[in-house]
Amino acid sequence: MPTDHKIAPGEVVTFWLDGQALQARRGQTLATALFVNGRRTLRRTRNAGKPRGLYCAMGSCFDCIVTVNGKTGVRACMTKVEAGMQVISPAQFKPHGSKT
Amino acid sequence: MPADSDVVIIGGGVIGCAVAYYLSKQGARVTVVERAAVGSGASSANSGVISMATKKPGLTLDLALASQRLYERLAWELQADIEYSVEGSLIVAENETEAAYLEELAAAQQAAGVPVQMVPAARCPEMNPLLEGRVLAGLYCATDAQTNPFKVTQAFARAAQERGARILGGTQVQAIETEGNRLARVLTSRGPLRANWVVNAAGAYAAEVGKMVGVVHEVLPRRGQIVVLEAVEGLPGMRVSGAGALLAKHRGSAAASGGDANISFSYTSKPASATVLLGSTNEFAGYDTRTTLEAVAGICRCATRLMPRLGELNALRSWAGLRPYSANGPLLGHCGGPAGYAVATGHGGDGVALAPISGLYLAEFIARDGQGPGLPEFLNGLKTAA
Amino acid sequence: MSFVLDADIAVVGAGPAGLAAASAAAGVGARVVVLDEYPEPGGQFYKQLPGEYAVPDRSQLDRDYTKGDALLAKVRAAGATLSNETLVWGSFAPGVLAVARRGEAGTVRSRKIIVASGAYERPAVFPGWDLPGVMTPGGAQTLAKNQQLAPGKRIVLAGSGPFLLPVAKSLIAAGADLIGIYEATHPREWVKHAFRLWGRWERVGEALSYRRALADAGVPIRFGHIVARAEGTESLQRVVLMRCDRAGRARAGTERIEDADTLCAGYGFIPAVQLTRLLGCEHRYGARRGGWIPAHDADMETSVPGVFVAGEVAGIGGAYAALAEGELAGLMAARQLGYQVADAELARARSERIHHRGFGDLVNEVFAVKPGVFDQVADDTLVCRCEEVTAGQIRAAAVAWGANVNFIKGITRCGMGYCQGRICGSIVEELTARAVGCPPGGVDHFHVRPPLKPVRVQELADMSLE
């Protein structure tokens, strides 16, 4: 809900999260764009697979990192949504050669 | 005041801690004197690679082979997870000269018992799919391994402590005193330490310690810089390095001139953390451990030339370690100075790889009060025993 | 392949201190470039709206926006260049900064550097602080003010310090249901300092206006409380709060449960000293200024000649102190370069700086994070979010290997992830100091290595070497 009815984000754009089409508005960060679509969990941690979301929202903590157009480690709080963006939410993974 | 010891080890890096472990295991009373913290020097600034493929036949290779046999059961022996894993490694040639050299090296290594083989250019990207740059041939060694250098150092230190060794961190060595022609005491910032033996395991600082007993050790700090990449899913495990640096090193022209960074390519993926270490440099820049733009940019240029897709990844940090460079390979045992003075340094970039064998040999050397077999005979003896 | 910017003065950071520095220095004729990582200038204080947002009438905006607008207008009018989305990630030669801007590598050469890199929030650590829905107060305010988004439906605000009040106001304005503010200190702890507020009526007035806004919205403030834990499966569902004693330790049997989808918790700020460390400035530990800070003289020059600091990086002190220090640093840097600066101007900036620092120090003292906060972090509580390292792992390493956080980092991997220890660093220092029984500041600090924040390998490869 906007704080001031006079202020409004830009025009509607469509972007993709894990293959699903979502809508957001220009000027919104990816973190906001995902939040307004009901997505608070932005990724899962590498080792324990724990859900993580937005924490510092100012580019310091890197907890909100997602993969954008093939680029890994992109901060959702610092990246504005663009039409056609392909966003992938990182999952838990086992590195190569690890013991199960 | 610290009590007497049989052996005082100067330097709490991976070498000093390994020496402390094998000595303590034999029942010696050991004190390690470390000016900062255990493992805070080169032991925590290297990629933890244990490679046979990068060595030409000779004493260093023999040491490395013997050391790797110790590594195979080290986790069990030290009761610690040291993240030892065999990933294999591939050295790639980017031009005809390098390719010819790899052929030559492979033949010599095979003769020395190293399981290496040449692989054609087309096979290289299959072994590490990131390799999309132009390569002419590769030298593959299936047994090359890696470990976590912090954990190896810590495991040796802890195992030594459990066997009674003392580790004095934050302690400076000020002087080494002799009585007659025999070593007697080490003066430290925490008081004097009486000992029958002193082991100089001060790494890149070994020459300074040598001066205290009037010996010149030809050991220089050689800086190696590394760029660390983010941990992402699906990166190949096969270590890849460029033949260029090897060729220069084996032909004796490596880092001869000051200021030249001698940038070479290596890709090392760490299985426990999923990060990638890109290296490296061989430079003589004194004791400066800062990284340089020339090296960071140069390493990244080498990387994107051979592995263009790495360009998309985030670099998280860069760091540098000071490897104890010795033109003639490691200095182990008696290298001048009074009776009771031994050295274990000059391992260059192979300190972690050679730590177990260096520790084992020094323990043997001191147990026989310096009268035992020389290093080649010792290694032969191990081979026969195995 | 890579771009080069030349200037008399490079200002790093476009918050109050950086903009004030730029305005002052450019105002007397210096060529100034302001380097800032964010898409919009203004920093974490002004939190300017995204350029894509429609704002029919800027004069109707909240005064932080309009003040920011006014300062930015001054900076532009003075002729300074604003370079947004520009990360300063390294420095390999005096007066040269390595930067990355929108995927492009670059070099900034200047004769003076003013570091106004600000601060980040001191995290509150408790079980569940990594759950989605738990965030920092400043982060929540950013969503509210910059993004015009309420970060949740039912919000609890916790931690310590006066910063919680403007955050609360922003959240209420964004339409959130703020169900309570839990402040770790108790007003009776403030009383002995009350006389120091004499003469600072504008600040007292601000505080009262925030209290009025909270009262109008019916938001209760409960003092002497801390977050015991945050609970939920996929995201936050409940916050458990407890009363605490003066040392900040929870009192058994005082649990209070709030059903909430969002918890904003923090204990003030930590100076962002990564760049000043990289530049080789001497640092000292100042508990009253937020931890490690670059040493500097009365005119904001650090131990490295030609490198100045201003604002939160020089010690937590608030926006007014930042504005004064920015002006002072800007004027001094320009004067050293031969630009005409009136003595009266400098004198005024110096005295304003001292006045506002006095208030900042008072606030830091009253709302200092309490020691019990660290003592009660349970061993299984996560400390390093990036590498998933617990308090117990850090304590065990500290006990075994002594008071050097860098070796603890090597053993446990805490601080080795994307954030490079920004979030866990202060906690690792505190836990280590307590484990080995030495004062905070006596356990070393994480080494700072370039790049200061992640940079693509391709951008590093593209760096020009001249």
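The structure we're discussing is the one just above.
Residues numbered from 1 in each chain as written. Chains lettered and ligands numbered in written order. Predicted model: local features only at pLDDT ≥ 70, side-chain atom pairs only at ≥ 80, totals over all residues. Heavy atoms only, no water.

S.K.: Let's hear about the sheet that holds strand β4 (residues 85-86) of chain B: which residues, and what values?
M.R.: Residue and element names in this part refer to chain B. Spatially, β3-β8-β4 is the arrangement adopted by the three strands of the open sheet, whose pairing is antiparallel. Each end of this open sheet is capped by a strand with a single partner; those strands are β3 (49-50) and β4. Of the pairings in the sheet, the one linking β3 to strand β8 (residues 145-146) comprises two bridges and is antiparallel in character. Along β8, the bridge assignment pairs Ile 50 with Ala 145. (Pairing = 2+ DSSP bridges. Helix = DSSP H or I, 4+ residues; strand = E, 2+ residues; numbered from the N terminus.)

S.K.: So, the interface of chain B and chain C: which residues are in play, and what are the values?
M.R.: Listed per partner, the contact involves 34 residues of chain B and 27 residues of chain C. Surface buried jointly by chain B and chain C totals about 2900 Å² across both partners, of which 61% is contributed by carbon and sulfur atoms. Where chain B touches chain C, the interface holds zero salt bridges. For the interface between chain B and chain C, the tally reads eleven residue pairs in polar contact (both at pLDDT 80 or more). Where the side of chain B that touches chain C is concerned, the elements lending two or more residues are α6 (149-162), α9 (293-306) and β17 (314-325) of chain B. Here the side of chain B that touches chain C is built from residues that sort into 16 nonpolar, eleven polar and seven charged. (Contact = heavy atoms within 4.5 Å. Buried area = accessible area lost by both parts, 1.4 Å probe. Salt bridge = Lys/Arg side-chain N within 4 Å of Asp/Glu carboxyl O. Polar contact = N/O pair within 3.5 Å; in protein donor to acceptor, adjacent residues only side chain to side chain. Nonpolar A, V, L, I, M, F, W, Y, C, P; charged D, E, K, R; others polar.)

S.K.: Talk me through a positive patch on the surface; I want residue IDs and the actual numbers.
M.R.: Together, C:Arg188, C:Lys192, C:Arg243, C:Arg246 and C:Arg251 line one region of the surface with positive charge. Structurally, C:Lys192 is set in the loop between α6 (187-190) and α7 (201-217). (Patch = residues over 30% accessible without salt bridge, like charges linked within 9 Å, V, L, I, M, F, W, Y side chains within 5 Å. Areas by Shrake-Rupley, 256 points an atom, 1.4 Å probe, with all protein chains shown as cover. Lys, Arg positive; Asp, Glu negative; His and termini not counted. Charge placed at Lys NZ, Arg CZ, Asp CG, Glu CD.)

S.K.: Describe the sheet that holds strand β7 (residues 137-141) of chain B, naming the residues involved and giving the relevant values.
M.R.: Strand order in the open sheet formed by nine strands is β6(B)-β7(B)-β5(B)-β14(B)-β15(B)-β16(B)-β13(B)-β17(B)-β21(C), with mixed pairing between adjacent strands. On the outer flanks of this sheet lie β6 (116-120) of chain B together with β21 (455-456) of chain C, each paired with one strand and no other. Direction of pairing for strand β13 (residues 220-229) of chain B relative to strand β16 (residues 276-279) of chain B: antiparallel, over a ladder of four bridges. Across the sheet, B:Val228 pairs through a bridge with B:Leu277, a residue of β16(B). The strands that helix α4 (residues 96-111) of chain B touches are β5 (89-93), β6 and β7 of chain B; relative to β6(B), the one it contacts most, it runs at about 150°. Packing of α9(B) onto the sheet brings it into contact with β5, β13, β16 and β17 of chain B, and relative to β13(B) it is tilted by some 55°. (Axes fitted to C-alpha atoms, helices over the stretch in contact; angles between N-to-C directions.)

S.K.: Break down the pairing of strand β4 (residues 86-93) of chain C for me, citing the residues and quoting the values.
M.R.: All names here are of chain C. Counting buried positions over the eight residues of β4 gives six, a clear majority of the element. In terms of strand pairing, β4 meets strand β5 (residues 96-101) through five bridges, oriented antiparallel. Considered in β5, the bridge of Gly 90 is made with Ala 98. The antiparallel hairpin formed by β4 and β5 contains two residues in its connecting segment, where Gly 95 sits at a positive phi of about 75°. (Buried < 20%, exposed > 50% of the residue type's maximum accessible area, 1.4 Å probe, protein only.)

S.K.: For the pattern of salt bridges, give the residues involved together with the corresponding values.
M.R.: Applying the stated rule across the entire model yields 56 salt bridges over all chains. The residue B:Arg182 makes a salt bridge to B:Asp369 at a minimum N-O spacing of 3.4 Å. With B:Arg182 in strand β11 (residues 182-188) and B:Asp369 in the loop between α10 (351-367) and α11 (375-385), the pair connects residues that are 187 residues apart, well separated along the chain. Looking at B:Asp369, the relative accessible area reads 37%, which means it is partly exposed. Across the pair C:Arg249 and C:Asp245 runs a salt bridge whose closest N-O atoms are separated by 3.8 Å. Exposure remark for C:Arg249: the relative accessible area of 38% places this residue in the partly exposed category. Bridged by salt links that share partners, the residues A:Arg43, A:Arg52, A:Asp63, C:Asp130 and C:Arg385 form one connected network.

S.K.: Residue-level account of the interface of chain C and chain A, with values.
M.R.: At the junction of the two partners, chain C supplies 57 residues and chain A supplies 45 residues. Surface buried jointly by chain C and chain A totals about 4300 Å² across both partners, of which 53% is contributed by carbon and sulfur atoms. In terms of surface lost to chain A, no three residues of chain C exceed C:Glu52, C:Glu388 and C:Arg456, which account for 15% of the buried area on that side. Taken together, the links from chain C to chain A amount to seven salt bridges. The salt bridge involving C:Glu37 is made with A:Arg75; its shortest N-O contact spans 2.8 Å. Applying the counting criterion to the chain C and chain A interface returns 21 residue pairs in polar contact (both at pLDDT 80 or more). Of all elements in the fold, only β7 (119-123), β8 (134-135), α4 (137-145) and α5 (164-173) of chain C reach the threshold of two or more residues within the side of chain C that touches chain A.

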